[in-house]
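Examining the three-dimensional arrangement
Residue-level listing of the chains:
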Amino acid sequence: LADTPRVPSCAKCFSATPASGKLLRCSRCRAAFYCNTACQKADWSMHKKNCRRDSGGPSPSTSYPPTPLPSSPSAYQPPPTAAFPAMFGLELDLPSLDEKTVFTYLIDAYRLRVTDDFIFTGTIREHSLRSAIPEPIRDFQTFLGKAEKRTGVLPQWWNAERRAACAAFAAERAWQSINQEVDKADIIEKYADNIMPMRLRLLAEKVYGTPVTPYN
């Protein structure tokens, strides 16, 4: 008798038919499937013991689960980009905001871009959290350096001292730590705003000068 093909199911709740219609795959080992990020996070304490072993890579060094990938290429959807963000009030006006808010938006825009670049293009920048030797503070400093060269992105009060303070804030052991990954669902949950992922993506696009372009 021929072997019956194995039907993928959620590693946490064992469902093979999630409400979204498609299972997500762990982006680090690509061996575990989940209904959503909630199931993945709930299962991370168990899965992290074996994560990456199937692919021969190193065991994860962070306590935060990797962003799940769609289980098939057809499930990939690029993050939308607004052609006229200012017209629709989507641009984050950092010069008008207080210091802590500016720091937080810069950090979250950077973290979401790291996730987007990997998921939608497979790009892993040197020193980012997903690189072989992660030093995310160095990659974040590069991001801040690019922001300083973009007219109108940063407030007038921004200087070397504030940049150092922003980097220190990003290194704290808190939600905004650049040592933790975030995805769209995390951003929506934190800000209670379905539009915030778009606004942060537009900020990162303005800093880097390019949008996230998925494979064709």
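The notes below deal with the structure included here. Everything numeric here is computed off the predicted structure, so don't read it as measured data.

Observations concerning unusual backbone geometry
- Residue phenylalanine 14 is not a glycine yet carries a positive backbone phi of 70°.
- Checked against the element boundaries, phenylalanine 14 lands in the segment before β1 (24-26).
- Among the residues examined, phenylalanine 14 registers a relative accessible area of 62% and is labelled exposed.
- Positive phi outside glycine occurs at histidine 127, with the angle close to 80°.
- Mapped onto the secondary structure, histidine 127 falls in the loop between α2 (99-121) and α3 (136-149).
- You can call histidine 127 buried: its relative accessible area is 16%.

A look at the state of the cysteines
- Per the stated rule, a full pass over the model turns up 0 disulfides.
- Here cysteine 13 is not disulfide-linked; the sulfur of cysteine 35 is the nearest cysteine sulfur, at 3.4 Å.
- In this structure cysteine 13 comes out as partly exposed when scored by relative accessible area, which is 41%.

Observations regarding the pattern of salt bridges
- Enumeration according to the criterion identifies 9 salt bridges in this entry.
- For the salt bridge of arginine 125 with aspartate 139, the shortest nitrogen-to-oxygen distance reads 3.4 Å. Here arginine 125 is found in the loop between α2 and α3, whereas its partner aspartate 139 is found in helix α3, with 14 residues between them in sequence.
- Aspartate 139 sits in the buried class, given a relative accessible area of 5%.
- Of the charged contacts, one joins glutamate 135 and arginine 138 as a salt bridge, the two residues approaching to 3.3 Å between their closest N and O atoms.
- What you see here is one network of salt bridges that share partners, running through Arg113, Asp117, Arg125 and Asp139.

Considerations on the side chain of aspartate 116
- Counting through the fold element by element, aspartate 116 comes out in helix α2.
- Its relative accessible area of 2% is what places aspartate 116 among the buried residues.
- Among the polar contacts listed, one links the side chain of aspartate 116 to the side chain of arginine 201, at a separation of 2.7 Å.

Calculation criteria
Residues numbered from 1 in each chain as written. Predicted model: local features only at pLDDT ≥ 70, side-chain atom pairs only at ≥ 80, totals over all residues. Heavy atoms only, no water. Helix = DSSP H or I, 4+ residues; strand = E, 2+ residues; numbered from the N terminus. Buried < 20%, exposed > 50% of the residue type's maximum accessible area, 1.4 Å probe, protein only. Disulfide = S-S within 2.5 Å. Salt bridge = Lys/Arg side-chain N within 4 Å of Asp/Glu carboxyl O. Polar contact = N/O pair within 3.5 Å; in protein donor to acceptor, adjacent residues only side chain to side chain.

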